[in-house]
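Each chain is listed here by its residues.
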Amino acid sequence: QHKQISQSNRETLAKVMIGIDERWPGKVTPEALELVGKLSLELGVELKPDAPLEAAAAVGVWLFGSADDEMPGGFDREELSPNSPVRALKSFPQDLVLVGRCTILIKALSSRLGVPWSLAKEWAPIAREVLRIGIEEEAELANDKRMLRAPLRRVWRS
């Protein structure tokens, strides 16, 4: 199976991967908590009204971090635990359900086999490339628009 996600979700997902890879080296910092939480919410994760502030970051780390990463806010990695970040979710973006399922399956397999694995660490180089290409495409598009406007300005002024 495959799922093509929107460009904005692709870019935000790339930022989440980079944020966890660079700013979540096992220990929770206030900067990392804020960044990963904000980006998780940008992806469309909705939390229950009574969810703790750390819940959004916990969802991001639960899905994309490694088993060694500290979970914020006292959350547990176990999906069925009463302290699971899943319990704080009101809704999860439909575009990312398949991505979420895959990450949970891969993390379960790697844990069972004793292989340390982090989706963020594996995808961070690809995420950087996605963002670089996105920036280059925006610059090209802006340049194309400028080139189209120049002849129109000449016509308009005459």
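This text goes with the structure placed above it.
A. Molecular detail of the overall build of the protein chain. In terms of regular secondary structure, the protein chain is built from five helices and two strands. The secondary structure elements of the protein chain, listed N-terminal to C-terminal, are α-α-β-α-β-α-α. A buried classification covers 35% of the 158 residues belonging to the protein chain. Residue pairs in contact within the protein chain that sit at least 24 positions apart in sequence constitute 65% of those at least 6 positions apart. Summing over all exposed atoms, the protein chain offers an accessible surface of approximately 10300 Å²; the carbon and sulfur share of this is 57%.

B. Just empty space enclosed by the protein, in detail. Evaluated as defined, the whole model comprises one cavity of 30 Å³ or more. The volume enclosed by the largest cavity comes to roughly 60 Å³. Together, Val 16, Ser 40, Leu 43, Val 45, Val 59, Gly 60, Leu 63, Phe 64, Phe 92, Leu 96, Val 99 and Gly 100 line the largest cavity. When contributions to the lining of the largest cavity are tallied by element, the ones reaching two or more residues are helix H3 (55-64) and helix H4 (97-113).

C. Layout of the nonpolar core. Core analysis: the largest hydrophobic core is formed by 30 residues, its most contacted members being Leu 13, Met 17 and Phe 64. Contributing elements (two or more residues each) for this core: helix H1 (7-23), helix H2 (30-42), H3 and helix H5 (119-157). No other element matches H3, which puts eight residues into this core.

D. Quick peek at the packing of H1 against H3. Contact pair H1 / H3: the axes reach a minimum separation of 11 Å and the direction vectors enclose 85 degrees. Here H1 is positioned roughly perpendicular relative to H3, judged by the angle of their axes. Facing H1, whose interface residues are Leu 13, Val 16, Met 17 and Ile 20, H3 presents Gly 60, Val 61 and Phe 64. Across the contact of H1 with H3, the residue classes break down as six nonpolar, one polar and no charged.

Reading guide: rules and limits
- Residues numbered from 1 in each chain as written.
- Predicted model: local features only at pLDDT ≥ 70, side-chain atom pairs only at ≥ 80, totals over all residues.
- Heavy atoms only, no water.
- Helix = DSSP H or I, 4+ residues; strand = E, 2+ residues; numbered from the N terminus.
- Buried < 20%, exposed > 50% of the residue type's maximum accessible area, 1.4 Å probe, protein only.
- Contact = heavy atoms within 4.5 Å.
- Areas by Shrake-Rupley, 256 points an atom, 1.4 Å probe, with all protein chains shown as cover.
- 1 Å grid on protein atoms, 1.4 Å probe; cavity = no way out; pocket = protein on both sides within 12 Å on 5 of 7 lines; lining within 4 Å.
- Points joined across faces, edges and corners; volume = space filled by probe spheres on them.
- Core = buried A, V, L, I, M, F, W, Y, C linked by side-chain atoms within 4.5 Å.
- Axes fitted to C-alpha atoms, helices over the stretch in contact; angles between N-to-C directions.
- Parallel < 35°, antiparallel > 145°, perpendicular 65-115°, else oblique.
- Nonpolar A, V, L, I, M, F, W, Y, C, P; charged D, E, K, R; others polar.

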